[in-house]
Structure formats: structure tokens, C-alpha cells
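# Structural features, examined
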Amino acid sequence: MLEALFQTGHAAVSYAGLGIFHTGNKNGSPYLAYDKYKFDNDTITTSSNLPLQRVGHVGIGNWNVGLFCAGQTLGSTSASYSLSTDKLTYANMSMGTGSNLSTAVTQAAGASSGTLGLVIGGFTGAIRSTAVNRYTFADNTRTAGNGISPGRTVGTAVGNKDNGDIWGGNDGSNTLNTTQVYTHANGIWAAGVNIGTAKTGSSSFSSPTTGYFAGGSAAGTTTFKYDYAAGTVGGGTALGAARANLSACGGATRGIIAGGSTALTTVERYLIAGDAVSSGTALPQGRHNLGSTSTSPGGFSA
């Protein structure tokens, strides 16, 4: 689930322009690998050096690292929900351990700036969490942020250098259409513009100026566009395949939207210029409740 960065001037590197789709549920068993999706030629390679099986987890990151947080082992009880983090360093594609979250949850939402990642809410097995974890990429540390109210799970989030925006989800009683905006500088939440359809299990990606929310439980092909500067919502181009519990990541020029529903292999490309949707290269293994992030999220290369 992604996250816009306003970074320029980084040297071209071999790992630029990769989307990372991490583990997930194969309708009964986890996928013990992550897929690397190359934006410029739509090719996929797979790596399997994973320390933990995760489903229902969240991806955050910047141009140096991808972090895959929380979730649960398939079939586990709430006591086995994870608060740990897998840290993928892009320079050598090595998988290590990041800092633990404050609370073990599944189905949280994640958003990032160039320096900071947010892990928002989630389900503890008993309640919809209000917790917000602020993850500083440079020194691999986590601190508590101001909580969100109401607590929610199965929402989705986007972000830029100034704000993180969470939309939709479920608060334990209702499916939500509300948006809340987190200001990185002061850690304060404020109400954003509501989006017309209440959804759970959507995906999200970002350009430097706009957050995109795609798919989900109701009207599952719909895409909404959230203008960061204006705080307004508009319609985007619908996906070709209706699905929920999918995942997305992106770069400056496109989003890659993958998986979902009954362990689909479906991948669609959303080109930001012209709002064009087309088929991408299918995942090698269909799955849902996968985590994702990108080596070039939102702002400096694609």
C-alpha cells in the first residue's frame, strides 16, 4: 500500500523502478517469497529469502529500504499476530529485521514520506486499533504517533512529504467512507474530504501530487483520486477486474495493482498521464492480502 516521495537528484541505480509484492495468502497457505516487478519492461523475478510468513501485513518504504510490518501467520490465532518488521535493503536485496511495532496487528494501513513511514490502526484480534507507529527509515527506529479515532482495520493509505491520508476500512460497526489526514510536522490528525463509496480492502499508490485508491469490497473496480494540495476527490479510470484485498505500489508515472480476492494473479498498470489502465504481467502465484512497496515511490523515478 504506497506512498509518495518528493525526492530528486538520486543517482540511477540498478534497483530503481521496482515494485515489491511481498508474500500473501494463496487461499489456504502463505506464499513464502516476494516478487520484484520492473516498471519499465513489466518483467517479474522472485526471491524467497523471507524470515517470516506474513499475510494481511503492510508495506512502507523509501528509495533505500522496504519495510513489511505486522500481519499474521496463516491460520494463527490473535495471540500469534505479529508486531515484527522485515527490512529489505535495496542496494543488495538483503532481507533483515526492522524495529518492532507497539502492537501486534493485522490489516493495518501504511503511508510514507521520504524519511518517515506510518503504520496506522489494524486489528488486534479483539479490537480495531487506534495506534499509529512512526517509523524513521534512516536509523530504523519506531516511535508512537498520535492515535487515530475511530480505530479501523482494512483501510488504505497514501502519503507525500507533508501528510499521510487514510481512507475507508471498518471501525467494528461500520464500513467507512471517511478520510483522515496526518500532518508529519506536528503529528496532528484532521478530517479530510469523504470519498463517496465506503470500502474495505482497497489498494493505493501515489504520484507526487495525487493519491489513488483502487478496487475494494464495494464497487470493486472503482478508482478515486485524492489531490493532496487541494484536498479534493475526483474519479479515476476503473480497473478491468473487480477485486478486494489487493495491493498496489507505484512510481512517478504509474501504479502497479496486483492480486486480490480469491488469490488472483491479475496485474494492472495505471498510467498517471491520461489515467490509462492496461494489463500488466501476471503474478507467478495468485494471492490476496499481500504487502507491497516500491523502490521509487511517487516522486523521483519510475
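Residues numbered from 1 in each chain as written. Predicted model: local features only at pLDDT ≥ 70, side-chain atom pairs only at ≥ 80, totals over all residues. Heavy atoms only, no water.

### Quick word on the overall build of the protein chain
So the rule is basically this: For the purposes of this entry, the term helix denotes a DSSP run of H or I that reaches at least four residues, the term strand denotes a run of E that reaches at least two, and both are numbered from the N terminus. When accessible area is computed with a 1.4 Å probe and restricted to protein chains, residues below 20% of their type maximum are described as buried, those above 50% as exposed, and intermediate ones as partly exposed. Note on areas: Shrake-Rupley, 1.4 Å probe, and residue coverage restricted to the protein chains presented here. Neither His nor the chain ends contribute to the count of charged residues, in which Lys and Arg are positive and Asp and Glu negative. Taken as the charge centre is NZ of Lys, CZ of Arg, CG of Asp or CD of Glu, depending on the residue.
When helices and strands are counted, the protein chain shows zero helices and 24 strands. Principal-axis analysis of the C-alpha atoms places the extent of the protein chain at approximately 45 × 40 × 40 Å. Residues counted as buried form 56% of the 302 residues belonging to the protein chain. For the protein chain, the accessible surface area stands at approximately 10,200 Å², while carbon and sulfur atoms represent 50% of it. Separation of charge centres in the protein chain, based on 16 positive and 12 negative side chains, amounts to 5 Å.

### So, the side chain of Asp86
Going by this rule: Pairs of N or O atoms are called polar contacts if they sit within 3.5 Å, as long as, within protein, a hydrogen donor faces a hydrogen acceptor (for residues adjacent in sequence, only side-chain-to-side-chain pairs).
Note on placement: Asp86 falls in strand E6 (residues 85-89). When its relative accessible area of 3% is taken as the criterion, Asp86 is described as buried. A polar side-chain atom of Asp86 sits 3.0 Å from a polar atom in the side chain of Arg54.

### Examining the side chain of Ser206
Mapped onto the elements, Ser206 comes out in strand E16 (residues 203-206). Of the polar contacts made by the side chain of Ser206, one reaches the backbone oxygen of Thr210; its length is 3.2 Å. A distance of 2.4 Å separates polar atoms of two side chains, one belonging to Ser206 and the other to Tyr228.

### Topic: the pairing of strand E10 (residues 132-136)
Under the convention used in this document: Pairing between strands is defined by DSSP: at least two bridges between the two strands are required.
Pairing of strand E9 (residues 116-120) with E10, which is carried by five bridges, proceeds in the antiparallel orientation. Residue pairing for E10: Gly117 is matched across the bridge by Tyr135. With five bridges joining them, E10 and strand E11 (residues 141-145) adopt antiparallel strand pairing. If you follow Arg134 over to E11, its bridge partner there is Thr143. What sits between the antiparallel neighbours E10 and E11 is a turn of four residues, in which Asn140 has the positive phi angle 60 degrees.

### A look at the pattern of salt bridges
Keep this limit in mind: The term salt bridge refers to a pairing of a side-chain nitrogen on Lys or Arg with a carboxyl oxygen on Asp or Glu at a separation within 4 Å.
Per the stated rule, a full pass over the model turns up seven salt bridges. One salt bridge connects Asp35 with Arg287, and the closest N-O pair in it is separated by 2.9 Å. One end of the pair, Asp35, is in strand E2 (residues 34-38); the other, Arg287, is in the loop between strand E23 (276-279) and strand E24 (291-294), with 252 residues separating them in the sequence. The two residues Asp35 and Arg287 agree in class, both being buried. Note that Asp162 and Lys161 form a salt bridge whose closest N and O atoms lie 3.3 Å from each other. Given the relative accessible area of 47%, Lys161 is considered partly exposed.

### Considerations on the state of the cysteines
In plain terms, the rule: Cysteine sulfurs are considered disulfide-paired once they come within 2.5 Å of each other.
Per the stated rule, a full pass over the model turns up zero disulfides. Take Cys69: it sits in no disulfide, and the sulfur closest to it among the cysteines is that of Cys249, at 15 Å.

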